[in-house]
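Coordinates in review
Letter by letter, the chains look like this.
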Amino acid sequence: MRDALRAHGALARGAFAVAVLLSISVLFAPPSDVPSAPPGVDKLVHASLFGLLALTGRWAGFSRPVLASMLVLYGAASEVLQSLIGRDAAVGDLLADVVGVFVVLAAWEWASRRAVH
């Protein structure tokens with residue numbers, strides 16, 4: 001497990017790049033391409049997407065403080081940009097982004113410490 005957490009090779013960087021591209025396609029799709037869903041599902045999508053970005057970002061070697069800061073800023077910027085393309089900007093979506101980031105970063109930290117023992 002320890003080696004898997006420390007590997008920052010091409011596969012890890014590629015996984016992060018794919019996660020970034022996925023986030024762009026999900027967050028900035030035109031309103032007509034966004035499927036309808038039951039209430040709250042969008043929050044799960046936001047938390048999962050930003051959790052994936054955090055997971056692949058740590059695997060790719062980004063430090064926790066830099067990655068957390070950049071992902072929170074990305075989440076805030078995405079909400080502003082969504083409002084400009086006719087989608088709903090919501091503080092709840094940003095909070096879901098932040099929760100996804102910090103849950104995954106905390107789990108990564110826990111797994112890293114546990115792997116040392």
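Residues numbered from 1 in each chain as written. Predicted model: local features only at pLDDT ≥ 70, side-chain atom pairs only at ≥ 80, totals over all residues. Heavy atoms only, no water.

So, about helix H5 (residues 91–116). For H5, which comprises 26 residues, the first-to-last C-alpha distance of 38 Å matches the rise-based estimate of 38 Å (1.5 Å per residue) to within 8%. Restricting attention to buried positions, one finds in H5 the residues Asp93, Ala96, Asp97, Gly100, Val101, Leu105, Trp108 and Ala111. (Helix = DSSP H or I, 4+ residues; strand = E, 2+ residues; numbered from the N terminus. Expected span 1.5 Å × (residues − 1). Buried < 20%, exposed > 50% of the residue type's maximum accessible area, 1.4 Å probe, protein only.)

Applying the stated rule across the entire model yields four salt bridges. Here Glu109 and Arg64 are joined by a salt bridge, their closest N and O atoms 2.3 Å apart. Taken together, the positions of Glu109 in helix H5 and Arg64 in helix H4 (residues 64–84) put the pair 45 residues apart, joining distant regions of the chain. By relative accessible area, which is 21% here, Glu109 ends up partly exposed. (Salt bridge = Lys/Arg side-chain N within 4 Å of Asp/Glu carboxyl O.)

On to the nonpolar core. With 14 residues, the main nonpolar core has Phe50, Leu53, Ala54, Leu71, Val101 and Leu105 as its most contacted residues. For this core, the secondary-structure elements that each account for two or more residues are helix H2 (10–27), helix H3 (41–59), H4 and H5. In this structure Leu105 touches Ala54, Arg58, Arg64, Leu67 and Ala68, once residues within four positions along its chain are discounted. (Core = buried A, V, L, I, M, F, W, Y, C linked by side-chain atoms within 4.5 Å. Contact = heavy atoms within 4.5 Å.)

What the largest pocket holds in volume is close to 540 Å³. For the largest pocket, the lining is made up of 23 residues, of which Val34, Pro35, Asp42, His46 and Arg87 are closest to its centre. Looking at the lining of the largest pocket, the elements that each hand over two or more residues are H2 and H3. When the residues that make up the lining of the largest pocket are grouped by side-chain class, the tally is 12 nonpolar, five polar and six charged. (1 Å grid on protein atoms, 1.4 Å probe; cavity = no way out; pocket = protein on both sides within 12 Å on 5 of 7 lines; lining within 4 Å. Points joined across faces, edges and corners; volume = space filled by probe spheres on them. Nonpolar A, V, L, I, M, F, W, Y, C, P; charged D, E, K, R; others polar.)

Among the surface-exposed residues, Leu22, Val26, Val45, Leu52 and Leu55 lie close enough to one another that they form a single nonpolar patch of about 350 Å² accessible area. When residues of the nonpolar patch are traced back to their parent elements, those giving at least two are H2 and H3. Top element by residues in the nonpolar patch is H3. It accounts for three residues. Turning to its location among the elements, Val45 is positioned in helix H3. (Patch = residues over 30% accessible without salt bridge, like charges linked within 9 Å, V, L, I, M, F, W, Y side chains within 5 Å. Areas by Shrake-Rupley, 256 points an atom, 1.4 Å probe, with all protein chains shown as cover.)

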